[in-house]
Amino acid sequence: MKTIEVDEELYRYIASHTQHIGESASDILRRMLKFNEALVAAETITPAVEDAQPAALQGTRDKVRTLRELLLSDEYAEQNKAINRFMLVLSTLYSLSSQEFAAATESLHGRTRVYFAGDEQTLMLHGNHTKPKHIQGTPYWVITNTNTGRKRSMIEHIMLAMQFPPELIEKVCGTI
C-alpha cells in the first residue's frame, strides 16, 4: 500500500462520501472515480507484452490514459464553467485523432443548427445566437449557445465514434 498526502479540504470531501462505517479512503475513491481494476490492469501491461499488442489496442490505451490525465489535471480542475471544460475536452479529443474527430463531428448537427464547422461564419449562417468559439489547437469552431445536456450529448457522440470505453464516456460527460 502506498501513502499520499492530501490537504485537509480534500480529505474532508473524500470523507464526506463515506457510505458505511469502516470504509477506507481507497474504497471511497474507487467508488467515486468508478475505478475498474480490470481496465487498469489492461492498461498497465508490461512493455514486453505491450509490444506484442496490435498498434490499435496500444493507441486505445494511450487515448484512454490521455483523457484520464486531463480529468485529473490542475488545468481541468480549475475550470469553473461547463463551457470551459467542454472546450478542453474537445481540444483533447481532436489532439488524440484529428481524423476520427472530423468523422465524428461531420454527422453531428441539430434539426436546423450545424454544431461544428471550419469557420465562424458557417455556424452563424445556421442559427441565430450560436455564440461560435474556436476550439484551441484545431481548425474547428463549435457553437456554444447550447445547454449543458446538449454539450454532454455532443461529447458522448464524438467519444462513441472514437470508440472510447463506455465507463470513460460516462465519467467525462459527468464532469461537464
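Computed from a prediction, not measured in an experiment: that's the story for all the values here. (Residues numbered from 1 in each chain as written. Predicted model: local features only at pLDDT ≥ 70, side-chain atom pairs only at ≥ 80, totals over all residues. Heavy atoms only, no water.)

1. Side note on the sheet that holds strand β1 (residues 116-117)
Counted only if it meets this: Two strands make a pair as long as DSSP finds a minimum of two bridges between them. Starting at the N terminus, helices and strands are each numbered in turn, a helix being any DSSP run of H or I of at least four residues and a strand any DSSP run of E of at least two. Contact definition: two residues touch when any of their heavy atoms are within 4.5 Å. The axes used here are C-alpha line fits, helices contributing only the stretch in contact, and every angle between their N-to-C directions lies in the interval 0 to 180 degrees.
Strand order in this open sheet of three strands is β1-β3-β2, and the pairing throughout is antiparallel. The sheet is open, and its two edges are formed by β1 and β2 (132-134), each paired on a single side. In terms of strand pairing, β2 meets strand β3 (residues 141-143) through three bridges, oriented antiparallel. Opposite Pro 132, over in β3, you have Ile 143 as the bridge partner. The strands that helix α7 (residues 82-96) touches are β1, β2 and β3; relative to β3, the one it contacts most, it runs at about 145 degrees.

2. Observations regarding the environment of Ser 91
Tracing the backbone through its elements, the reader meets Ser 91 in helix α7. Apart from residues lying up to four places away in sequence, Ser 91 is in contact with Ile 135, Gln 136 and Thr 138.

3. Quick word on the packing of aromatic side chains
Rules: Planes of paired rings set the category: under 30 degrees apart is stacked, over 60 is edge-to-face and the rest tilted, where pairs are Phe, Tyr or Trp rings (Trp by its six-membered ring) whose centres lie within 6.5 Å. We call a residue buried when its accessible area falls under 20% of the maximum for its residue type, exposed when it is over 50%, and partly exposed in between, using a 1.4 Å probe and counting protein chains only. By the criterion adopted, a ring carries a charge over it if an Arg CZ or a Lys NZ lies within 6 Å of its centre and within 35 degrees of its normal.
Counted by the stated rule, this structure contains four aromatic pairs. Between Tyr 94 and Tyr 140 the ring centres are 5.9 Å apart and the planes differ by 65 degrees, which places this aromatic pair in the edge-to-face class. Placement of the pair is Tyr 94 in helix α7 and Tyr 140 in the loop between β2 and β3, with a sequence separation of 46 residues. Residue Tyr 94 shares its accessibility class with Tyr 140, and that shared class is buried. An aromatic cluster is present here, built from Tyr 94, Phe 101, Phe 116 and Tyr 140 joined pairwise through their rings. The residue whose ring lies beneath Lys 63 is Phe 164, and the NZ or CZ to ring-centre distance is 5.1 Å.

4. Concerning the packing of helix α8 (residues 98-106) against helix α10 (residues 148-161)
Here is the rule we go by: Each angle gets one of four labels, with under 35 degrees taken as roughly parallel, over 145 as roughly antiparallel, 65 to 115 as roughly perpendicular, and the rest as oblique. Crossing handedness follows the turn of the near helix against the far one: under a right angle anticlockwise gives a left-handed crossing, and clockwise gives a right-handed one. In the scheme used here, Gly and all other residues not listed as nonpolar or charged are polar, with Ala, Val, Leu, Ile, Met, Phe, Trp, Tyr, Cys and Pro taken as nonpolar and Asp, Glu, Lys and Arg as charged.
It is at 9 Å that the axes of α8 and α10 come closest, and there the two elements cross at 130 degrees. In terms of axis orientation, α8 runs oblique to α10. At the point where α8 passes α10, the crossing takes the right-handed sense. Two secondary-structure elements touch here, α8 through Phe 101, Ala 104 and Thr 105 and α10 through His 157, Ile 158 and Ala 161. Grouping the constituent residues of the contact of α8 with α10 by class yields four nonpolar, two polar and no charged.

5. Some details on a nonpolar patch on the surface
Selection rule: Nonpolar side chains (Val, Leu, Ile, Met, Phe, Trp, Tyr) are joined into patches within 5 Å and like charges within 9 Å, using only residues with over 30% relative accessible area and no salt bridge. The protein chains shown are the only cover counted for residues, whose accessible areas, like all others here, come from Shrake-Rupley with a 1.4 Å probe. By salt bridge we mean one thing: a side-chain nitrogen of Lys or Arg within 4 Å of a carboxyl oxygen of Asp or Glu.
There is a patch of nonpolar side chains on the surface, built from Ile 4, Val 6, Leu 10, Tyr 11 and Tyr 13 and spanning about 510 Å² of accessible area. Within the secondary structure, Ile 4 is located in the segment before α1 (8-15).

6. As for the side chain of Thr 130
Relative to the elements of secondary structure, Thr 130 occurs in the loop between α9 (120-125) and β2. Sequence-distant contacts of Thr 130, that is, excluding residues within four places in its chain, are made with Arg 113, Leu 123, Met 124, Ile 143, Thr 144 and Asn 145.

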